[in-house]
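Examining the three-dimensional arrangement
Listed below are the residues making up each chain.
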Amino acid sequence: MLSVHEVRLAEFDLRFQLLETASYNGQLVWKIRDYTRQKQEAVSGKILSLYSQPFYTSPFGYKMCARVYLNGDGMGKGTHLSLFFVVMRGEYDPLLPWPFRQKVTLALLDQGPSKKHMTDMFKPDPDSTSFRKPHTDMNIASGCPLFVPQPVLENETHHYIKDDTIFIKVTVDISDALEL
């Protein structure tokens, strides 16, 4: 059985890892290792989706993350990689304008020389609950259930998977952000 000290140490280690990888410029680059194993876990139903570490539009800005379904979700279940954007409850929400209105670009990065990234972009719907001020830890995810077909992702002529790793990038346009 773990001692209270060991549990606290593990909690601090997790917090440190999150802080170390946190981005405060509206960009997330998410490295997903062990793609084959994690995809198999998704196919078997063991783990349906993965969440990225949180990232922010600024040190006092919106808190967000990405959510991926390696075996698809909704219309993409079993045929696509589904990729979503999530607005999270943050420390500075009372000071921020709501609903969230920044343009979001989702990308699966090509690790080969051609850099033919798969991308999709959307402007948040201000009437959607996904972009209102969060009342729970996370709002409902919004994004692309048909983001990339699995045969395209897993085709060896493309370089989306390299060393059993994929990279996902989320970019939030902060050029017209109305923050602190």
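Before reading further, recall that the structure is shown in the block above.
Below is a summary of the structure that appears in this document. Note that the structure is predicted; figures quoted are calculated from it, not measured.

Conventions used here
Residues numbered from 1 in each chain as written. Predicted model: local features only at pLDDT ≥ 70, side-chain atom pairs only at ≥ 80, totals over all residues. Heavy atoms only, no water. 1 Å grid on protein atoms, 1.4 Å probe; cavity = no way out; pocket = protein on both sides within 12 Å on 5 of 7 lines; lining within 4 Å. Points joined across faces, edges and corners; volume = space filled by probe spheres on them. Helix = DSSP H or I, 4+ residues; strand = E, 2+ residues; numbered from the N terminus. Buried < 20%, exposed > 50% of the residue type's maximum accessible area, 1.4 Å probe, protein only. Salt bridge = Lys/Arg side-chain N within 4 Å of Asp/Glu carboxyl O. Arc of directions from axis to C-beta. Contact = heavy atoms within 4.5 Å. Polar contact = N/O pair within 3.5 Å; in protein donor to acceptor, adjacent residues only side chain to side chain.

On to the layout of surface pockets, then. Empty space within the second largest pocket amounts to approximately 200 Å³. Looking at the second largest pocket, the residues that line it are Val29, Trp30, Lys31, Ile32, Arg33, Gln38, Leu50, Tyr51, Ser52 and Gln53. Only strand 1 (27–32) and strand 2 (50–51) provide two or more residues apiece to the lining of the second largest pocket. By residue number, the principal contributor to the lining of the second largest pocket is strand 1, which donates 4 residues.

As a further point, take unusual backbone geometry. A cis amide bond links Trp98 to the next residue, Pro99, at an omega of 0 degrees. Relative to the helices and strands, Pro99 is located in the loop between strand 5 (80–88) and strand 6 (104–108). In this structure, Asp34 is a non-glycine residue whose phi angle is positive, near 55 degrees. As for its placement among the helices and strands, Asp34 is situated in the loop between strand 1 and helix 2 (35–44). Its identity is not glycine, yet Asp164 carries a phi of approximately 60 degrees, on the positive side. Counting through the fold element by element, Asp164 comes out in the loop between helix 3 (150–154) and strand 9 (166–172). On the accessibility criterion, Asp164 (28% relative accessible area) is partly exposed.

Right, let's get into the pattern of salt bridges. All told, the structure shown has 5 salt bridges when counted by the stated rule. Here Glu154 ties to Lys39 by a salt bridge, and the two come within 2.8 Å at their closest N and O atoms. Of this pair, Glu154 sits in helix 3 while Lys39 is found in helix 2, placing the two residues 115 residues apart along the sequence. With a relative accessible area of 36%, Glu154 lands in the partly exposed category. Taking the relative accessible area as the measure of exposure, Lys39 reaches 12% and is therefore buried. Two residues, Lys46 and Glu41, come together in a salt bridge whose shortest N-O distance is 3.9 Å. We classify Glu41 as buried; its relative accessible area is 13%.

Of the positions making up helix 2, those classed as buried are Tyr35, Gln38, Lys39, Glu41 and Ala42. Summarising the axial view, the buried residues of helix 2 lie within an arc of 155 degrees, below the 170-degree limit, and thus occupy one face. In helix 2, the exposed positions angled more than 90 degrees off the buried face are occupied by Thr36 and Ser44. Looking at the packing, one finds that the buried side of helix 2 touches strand 1, strand 2, helix 3 and strand 9. Count one or two residues on from helix 2 and you reach Gly45, which has phi positive near 90 degrees.

Turning to its location among the elements, Asn139 is positioned in the loop between strand 7 (118–122) and strand 8 (142–149). For Asn139, a relative accessible area of 12% puts it in the buried group. A distance of 3.4 Å separates a polar atom in the side chain of Asn139 from the backbone oxygen of Thr129. The contacts of Asn139, once residues within four sequence positions are left out, are Val86, Val87, Thr129, Ser130, Phe131, Arg132 and Pro134.

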